[in-house]
Amino acid sequence: MNVITVENLSFRYRRAAEYSLRDVSFEARKGELLGVIGPSGSGKSTLCLTLNGIIPRSIKGEFSGDVVIRDPRTGEEYNTRETPVSRLSTVIGLVLQNPESQLFNMTVEEEIAFGLENLGLERNEILRRLRWVLEVTGLRGLEREFPPNLSGGQQQRLAIASVLAMEPAVLVLDEPTSQLDPVGRREVLGLISLLRKEHGMTVILVEHHTDYILRFADRVLVMDGGHVIMEGTPRELAEEVETLKKLGIKLPPSLEISHELRKRGVIKAPALTEEELLSWTGHP
Ligand SMILES: Nc1ncnc2c1ncn2[C@@H]1O[C@H](COP(=O)(O)OP(=O)(O)O)[C@@H](O)[C@H]1O
Ligand SMILES: [Mg+2]
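As a convention, each chain's residues are numbered from 1 in the sequence order in which they are written. Chains and ligands are labelled sequentially in the order written, the chains with letters from A and the ligands with numbers from 1. Thresholds applied to this predicted model are a pLDDT of at least 70 for local features of residues and 80 or more for the giving and counting of side-chain atom pairs; totals over whole chains, interfaces and linings are not thresholded and use all residues. Only hydrogens and water are set aside when side-chain values are computed; all heavy atoms of the structure are taken into account.

As annotated in an unreviewed UniProt entry, the protein chain carries the name Cobalt ABC transporter ATPase and is attributed to Thermococcus thioreducens. Quoted verbatim from the Sequence similarities (unreviewed entry) field of UniProt, the annotation for the protein chain is "Belongs to the ABC transporter superfamily." UniProt positions are given in the numbering used here, feature names are shortened, and annotations may be inferred rather than shown by experiment. Listed in UniProt under the heading Subcellular location (unreviewed entry), the comment for the protein chain reads: "Cell membrane".

Structure, rendered in structure tokens:
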């Protein structure tokens, strides 16, 4: 079942000379991890903003094509042109690139409850959701902390927690680890894996570091100049090392090394992970 259907989507920001998205079409299926990679300025963040309706509902411009979100729990479909962002946020949640820009309350607890109070939920339901997201994001015990005092990884998990509190079926994350140290990065990627495995969430992940995407994504979109120039499984993408490198996309060492080894006839296929590379070169 498709949860996201994007058809012939083009968008130009008001007063911008160029289109930021050009004739983009793709689908995301229920439970899938769809990776999005591409050089800076290729339209990844703009695409994220179209998925939860901020474009074209709040940020206006020249918009054509369709973005249709289907709630896998009810089967109901929402065209983002016609659906208020507040309604969409209960089906598809967006975590922005910079966690601080999403945090503005005095405590962790208030930050998470904020959106829920706006939904008009009852006190008991708010408390139930609060307990659940604190648990799943590993923030229990930090309820009363001042968000700016948290570590980078904790802040990003808090940003994810306040989006999860809306109980969306789809989570869109725009470079969630770009500002984090390796520890924070591991925390956030671990959380994403958990949400998929244990909660069956559909995840759209824009990531600069391609190692996680190549290891865990079901499919990957490659963007350049507002176009989706490639779409495939990590295995299929691994056949396009030269193209990806030309775009300036940083690939995991295992893929680069195996690509070179294959050119020299040492191994037959590119390796997506270190484990694969080691097993194929006879060093388990
Ligand atoms: N608010 C905006 N107004 C005008 N142009 C924008 C705006 N945001 C992004 N752009 C332009 O749209 C293009 C795509 O940007 P963006 O979606 O942020 O790419 P990415 O996330 O891949 O780096 C870039 O050329 C950028 O300058
Ligand atoms: Mg971006």
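**Examining the overall build of the protein chain**
Note on conventions: DSSP H or I runs of at least 4 residues are helices, E runs of at least 2 residues are strands, and numbering of each starts at the N terminus. When helices and strands are counted, the protein chain shows twelve helices and ten strands. Expressed along its principal axes, the backbone C-alpha trace of the protein chain runs to roughly 65 × 45 × 35 Å. By definition, residues are in contact when any of their heavy atoms lie within 4.5 Å. Within the protein chain, counting contacts between residues at least 6 apart in sequence, those at least 24 apart form 62% of the total. Accessible surface computed for the protein chain: about 13400 Å², of which carbon and sulfur atoms make up 49%. All accessible-area figures derive from a Shrake-Rupley calculation using a 1.4 Å probe, and residue coverage is judged against the displayed protein chains alone.

**What to know about helix 11 (residues 253–263)**
Within helix 11 the residues assigned to the buried category are S254, L255, S258 and H259. All buried residues of helix 11 fall inside an arc of 130° around its axis, so they share one side. Exposed side of helix 11, more than 90 degrees from the buried face: P253 and K263 are the residues found there. Contacts from the buried residues of helix 11 go to helix 8 (210–216), helix 10 (241–246) and helix 12 (274–280). Partly exposed residues are those whose accessible area sits between 20% and 50% of the maximum for their type, while under 20% is buried and over 50% is exposed, using a 1.4 Å probe and protein chains only. What the arc describes is the spread of directions from the helix axis to the C-beta atoms.

**What about the UniProt feature "domain: ABC transporter" (unreviewed entry) in the protein chain?**
If you check UniProt for "domain: ABC transporter" (unreviewed entry), the listed places come out as residues 4–250 in our numbering. Helix makes up 36% of residues 4–250 and strand 26%, with an end-to-end C-alpha separation of 27 Å.

**A word on the packing of aromatic side chains**
For Phe, Tyr and Trp, where Trp contributes only its six-membered ring, two rings pair if their centres lie within 6.5 Å, and the inter-plane angle classes them as stacked under 30 degrees, edge-to-face over 60, or tilted in between. This model, assessed by the stated rule, comprises four aromatic pairs. Here a set of aromatic residues connected by ring pairs shows up, and it is made of F11, Y13 and F63.

**Some details on the packing of helix 4 (residues 108–119) against helix 5 (residues 123–136)**
In the contact formed by helix 4 and helix 5, the axes pass within 10 Å of each other and the chain directions differ by 135°. Judged by the angle between their axes, helix 4 and helix 5 are oblique. Considering only the axes of helix 4 and helix 5, their crossing is right-handed. Across the interface between the two elements, V108, E109, I112, A113, L116, E117 and L119 of helix 4 pack against I126, R129, L130, V133 and L134 of helix 5. The angle between two axes is taken between their N-to-C directions and runs from 0 to 180 degrees, where each axis is a line fitted to C-alpha atoms and a helix contributes only its stretch in contact. Angle categories: roughly parallel below 35 degrees, roughly antiparallel above 145, roughly perpendicular from 65 to 115, and oblique for all the rest. Crossing handedness is defined as follows: a turn of the near helix away from the far one that is anticlockwise and smaller than a right angle gives a left-handed crossing, while the clockwise case is right-handed.

**Quick look at helix 4**
It helps to recall that an α-helix has 3.6 residues per turn; residues three or four apart then point in one direction. Taken together, the buried positions of helix 4 are V108, E111, I112, A113 and L116. Buried positions along helix 4 lie against helix 5 and helix 6 (152–164). Two residues or fewer past helix 4, G120 is found with a positive phi of approximately 75°.

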